[in-house]
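What follows is each chain in one-letter form.
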Amino acid sequence: MVVDRDLVRHLSESSVSVELQTEEMTLNIGPQHPSTHGVLRLVARVDGERAFDVQPVIGYMHRGYEKLSEVRTYPQITTLINRIDWVAGYANEIPFVVAAEKLLGLEVPERAQYIRLILTEMARISSHLIFMASYPLELGAATPLFFALRERERVLDLLEGVTGGRFHPNFNRIGGVKPAYGSGSSTRKVIQDLPAGFLAETREAMDRVLEAVEELELLVADNEIILARTKGIGVLPVDVAASYGVSGPNLRASGVPFDLRKVEDYLPYHLFDFEIPTGENGDCWDRWYVRLLEIRQSVRIIQQAIDGIPSGPLQAKVPKIIKVPKGETYVRAENPKGEMGYYLVSNGNQGPYRLKIRSASFSNISILPWILEGVLVPDIIAIMGSLDFVLGDVDR
Amino acid sequence: MAKGLWVTIYTMVRTIFRPGKYLATINYPLVKETPVPRARGVIALDQEACTVCMLCARNCPDWCIYIEGHKEEKPPDKPGGRVKVRNTLDRFDIDYALCMYCGICVEVCPFDALFWSPEYEYSEVKMGAMLHDMDRLQDWLETVPPDPELEK
């Protein structure tokens, strides 16, 4: 068949010359939309396929953890803050216990720090893998989900073997990781060190994760449809990202090599050799790809940490009833979603006077009204998914 | 495309005929998963060891442990000896509908009366039935596994 090139060009370049009188419409996306990772409501004012004003409505998941923390003791609070970002529960605990240790002036044993670091990076891998899985699913590709979740299950099983919980490990204690319990009347003392074979299994699992990441890259990075839907969509310039307080992989995708693991010293990251992957354009595709590269760096950190893990105690000397001396401090850490910080004010009691939680997702979704202005309705899902937020982390 | 289709068919056929070897998932009600020994499934109570000190109930973040006890006087072993007083449990309930599975009660117990068991099959139709009384908690004690071996 001979195609009339001129005609084709003519049709594609033609536009409707008559101004259509379209009415603007308010479209509610959520609160229980499958792409919102929880209960987020977006009130979008759309004109046809184009949304010109999108306002997120948050608060459906608000559980009042900041207020609850004021009437709990320090060991009890780790239970609550597990549930802030449930996709990476382990990583949430770290800044809080480090903040309390800072006020107490405690020196955490080296082995405990290494265990914290290994498990934090495993939490990061599992969190990023779920993003690797769910983001293509939101764009309509179901296969990457199974590739990523299979490996995530392996990582979570290892986390469960050490901590006893898949999602809510509650493994960190002030002054170290979980101490021994027992040794009362039954003389049964259970030491909560790493179970035998953990290091070998982790090394094996990390190799499998690398393979899966390779497969995922082949599967998604060569896919025409995914590239068309993500390249150049939802571009986030550096200055806007900085002014909204966007952090973590979303900021790095815009090209800023800012990683709190290099800046702060809450865990001994300076001992390990790793890079900070950055994107170029700050579009949806870069945000996906930066997280993929970050999994590789996390695997690198874990492999080095396994080789160098020292032996020794797991717990510093801590009194049974922990009273944190008067003072205030702010400790921030690089969570899988971005910067997570705890502003801890203590007046010398068993519980904090005030605990302000700065969670990454809250700042990351504050960009939504800016970034969703004037985009197409299908792109709302693509952009929102690429920001990788968890509603528990938004609302606390 | 033919290659992709071949992989699909090959994987499907081999999973159908050799599920034991190639199946990635567990057919739950028929096949049971073995949880890790440290899994926090359910809390077991050793009634003999408990001295009604209430430490677990006070340290619970959402106060889901209900304890009542009384003092029992034991007659002295020899005439003229002291009367022994022993705390005895009347009630030890854990409301698993409220429990956050943090394990603080197991950790603070100074007399080793509480243990974690990885059992997980105790769902109920009614919420009230999630309140396990002391006899039911005692039954869980049989399922407590030996401690896992440690790395180095």
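Please read these numbers as outputs of a predicted model, since none were measured by experiment.

Peer 1: Any chance you could explain the overall build of chain B here in plain terms?
Peer 2: Within chain B, the regular secondary structure consists of five helices and five strands. Along its sequence from the N terminus, chain B presents helices and strands in the succession α-α-β-α-β-β-α-β-β-α. Expressed as lengths along the three principal axes of its C-alpha atoms, the size of chain B is roughly 95 × 40 × 25 Å. Burial status across chain B gives 34% buried among its 152 residues. At a minimum sequence separation of 6, the contacts of chain B that also span at least 24 residues come to 70%. Accessible area of chain B: about 10,000 Å², with a carbon and sulfur share of 59%. Averaging the positions of the 18 positive and the 23 negative side-chain charges in chain B gives two centres separated by 7 Å.

Peer 1: Where do I start with the overall build of chain A in this structure?
Peer 2: From N to C terminus, chain A includes 16 helices and eleven strands. For chain A, the C-alpha radius of gyration of 23 Å lies close to 21 Å, the compact-globule estimate for 396 residues. Dimensions along the principal axes, computed over C-alpha positions, put chain A at roughly 90 × 45 × 35 Å. Counting only contacts in chain A whose residues sit at least 6 apart along the sequence, the fraction spanning at least 24 positions is 72%. Only carbon and sulfur atoms are counted for the fraction: they give 54% of the accessible area of chain A, which is about 16,500 Å². Averaged over its 42 positive side-chain charges, chain A has a centre that lies 10 Å from the centre of its 51 negative ones.

Peer 1: I'm lost on the layout of surface pockets in this one. Help?
Peer 2: Taken as a whole, the second largest pocket spans an internal volume of roughly 850 Å³. Lining the second largest pocket we find 18 residues, and of these Phe146 and Arg150 of chain A together with Leu23, Ala24 and Thr25 of chain B sit closest to its centre. Those elements giving two or more residues to the lining of the second largest pocket turn out to be α6 (143-163) of chain A together with α1 (2-17) of chain B. The element that contributes the greatest number of residues to the lining of the second largest pocket is α6 of chain A, accounting for nine residues.

Peer 1: Looking at this structure, I do not really get the interface of chain A and chain B. What am I missing?
Peer 2: Many structure descriptions define interface size as the accessible area lost when the parts assemble. Listed as interface residues are 39 residues of chain A and, on the opposing side, 26 residues of chain B. Together chain A and chain B conceal approximately 2,700 Å² of surface at their shared face, both sides included; 47% is due to carbon and sulfur atoms. Applying the counting rule to chain A against chain B returns one salt bridge. With a shortest N-O distance of 2.7 Å, Glu107 of chain B and Arg173 of chain A are connected by a salt bridge. One can count ten residue pairs in polar contact (both at pLDDT 80 or more) joining chain A with chain B. Mapped by element, the contributors of at least two residues to the side of chain A that touches chain B are α3 (74-81), α6, β6 (181-182), β7 (189-190) and α7 (198-221) of chain A.

Peer 1: Help me understand empty space enclosed by the protein in this model?
Peer 2: It is the rolling of a water-molecule-sized probe over the atoms that shows where space remains empty. The final tally for this structure, using the stated rule, is five cavities of 30 Å³ or more. Residue composition of the lining of the second largest cavity, by class: 15 nonpolar, one polar and no charged.

Peer 1: Got a minute to help me understand the packing of α7 of chain A against helix α12 (residues 284-307) of chain A in this structure?
Peer 2: The axes of two packed helices give the description: the angle between them and the distance between them. Residues and elements named next belong to chain A. Packing of α7 against α12 brings their axes to within 10 Å, and their N-to-C directions diverge by 160°. The angle between the axes of α7 and α12 places the two elements in the roughly antiparallel class. Taken as a pair, α7 and α12 cross one another with a handedness that is left-handed. Class assignment of the residues belonging to the contact of α7 with α12 gives a composition of 16 nonpolar, two polar and six charged.

Peer 1: Could you clarify how one ought to interpret the side chain of Asp95 of chain B in this entry?
Peer 2: Residues and elements named next belong to chain B. Within the fold, Asp95 resides in strand β3 (residues 84-95). Despite its burial, Asp95 remains without a salt bridge, the nearest opposite charge being carried by Arg91 at 8.3 Å. In this structure, Asp95 is in contact with Cys64, Tyr66, Met130 and Leu131, ignoring residues within four places of it in sequence.

Peer 1: Is there a simple way to think about the environment of Asp307 of chain A in this case?
Peer 2: Mapping Asp307 of chain A onto the fold places it in helix α12. For Asp307 of chain A and Leu199 of chain A, which are 108 residues apart along the polypeptide, the C-alpha to C-alpha distance reads 8.9 Å.

Peer 1: For this particular structure, what's the right way to read the state of the cysteines?
Peer 2: Two cysteines, two sulfur atoms, one covalent bond between them: this is a disulfide. Residue and element names in this part refer to chain B. What the rule picks out here adds up to zero disulfides over all chains. With no disulfide partner, Cys99 has as its closest neighbouring cysteine sulfur the one in Cys64, 4.5 Å distant. With no disulfide of its own, Cys109 has Cys53 as its nearest cysteine by sulfur position, at a separation of 6.1 Å. The buried category is assigned to Cys109, whose relative accessible area is 12%.

Peer 1: What's the story with the side chain of Thr120 of chain A in this structure? I'm lost.
Peer 2: Relative to the helices and strands, Thr120 of chain A resides in helix α5 (residues 110-138). Classification of Thr120 of chain A by relative accessible area gives buried; the value is 3%.

Peer 1: Before we go on, may I ask you to explain the confidence of the model for chain B in this structure?
Peer 2: Interpretation of the predicted coordinates at a detailed level should be avoided for regions scoring low in pLDDT. Residue and element names in this part refer to chain B. Residues of chain B with pLDDT of at least 70 account for 97%, and the chain-wide mean is 81. Least confident of the elements in chain B is helix α2 (residues 19-22), whose mean pLDDT is 70; most confident is strand β1 (residues 42-45), at 87. Listed scores for the predicted complex are pTM 0.84 and ipTM 0.75.

Peer 1: Just checking my understanding: could you explain helix α15 (residues 377-386) of chain A for this structure?
Peer 2: Residues and elements named next belong to chain A. Most of α15 is tucked away, with nine of its ten residues classed as buried. Of the positions making up α15, those classed as buried are Val377, Asp379, Ile380, Ile381, Ala382, Ile383, Met384, Gly385 and Ser386. Just downstream of α15 lies Asp388, where phi reads positive at about 50°.

Peer 1: Can you walk me through the pairing of strand β8 (residues 327-335) of chain A in this structure?
Peer 2: Consecutive residues of a regular strand have side chains that alternate between opposite faces of the sheet. Residues and elements named next belong to chain A. Pairing analysis gives nine bridges linking β8 to strand β9 (residues 338-346), with the strands arranged antiparallel. Across the sheet, residue Ala333 finds its bridge partner in β9, namely Met340. Turn length for the β8-β9 hairpin, with the two strands adjacent in sequence and antiparallel, is two residues.

Analysis parameters
- Residues numbered from 1 in each chain as written.
- Chains lettered and ligands numbered in written order.
- Predicted model: local features only at pLDDT ≥ 70, side-chain atom pairs only at ≥ 80, totals over all residues.
- Heavy atoms only, no water.
- Helix = DSSP H or I, 4+ residues; strand = E, 2+ residues; numbered from the N terminus.
- Buried < 20%, exposed > 50% of the residue type's maximum accessible area, 1.4 Å probe, protein only.
- Contact = heavy atoms within 4.5 Å.
- Areas by Shrake-Rupley, 256 points an atom, 1.4 Å probe, with all protein chains shown as cover.
- Lys, Arg positive; Asp, Glu negative; His and termini not counted.
- Charge placed at Lys NZ, Arg CZ, Asp CG, Glu CD.
- Rg over C-alpha atoms; globule rule 2.2 N^0.38 Å.
- 1 Å grid on protein atoms, 1.4 Å probe; cavity = no way out; pocket = protein on both sides within 12 Å on 5 of 7 lines; lining within 4 Å.
- Points joined across faces, edges and corners; volume = space filled by probe spheres on them.
- Buried area = accessible area lost by both parts, 1.4 Å probe.
- Salt bridge = Lys/Arg side-chain N within 4 Å of Asp/Glu carboxyl O.
- Polar contact = N/O pair within 3.5 Å; in protein donor to acceptor, adjacent residues only side chain to side chain.
- Nonpolar A, V, L, I, M, F, W, Y, C, P; charged D, E, K, R; others polar.
- Axes fitted to C-alpha atoms, helices over the stretch in contact; angles between N-to-C directions.
- Parallel < 35°, antiparallel > 145°, perpendicular 65-115°, else oblique.
- Left-handed = near helix turned anticlockwise from the far one by under 90°.
- Disulfide = S-S within 2.5 Å.
- pLDDT = per-residue confidence, 0-100.
- Pairing = 2+ DSSP bridges.

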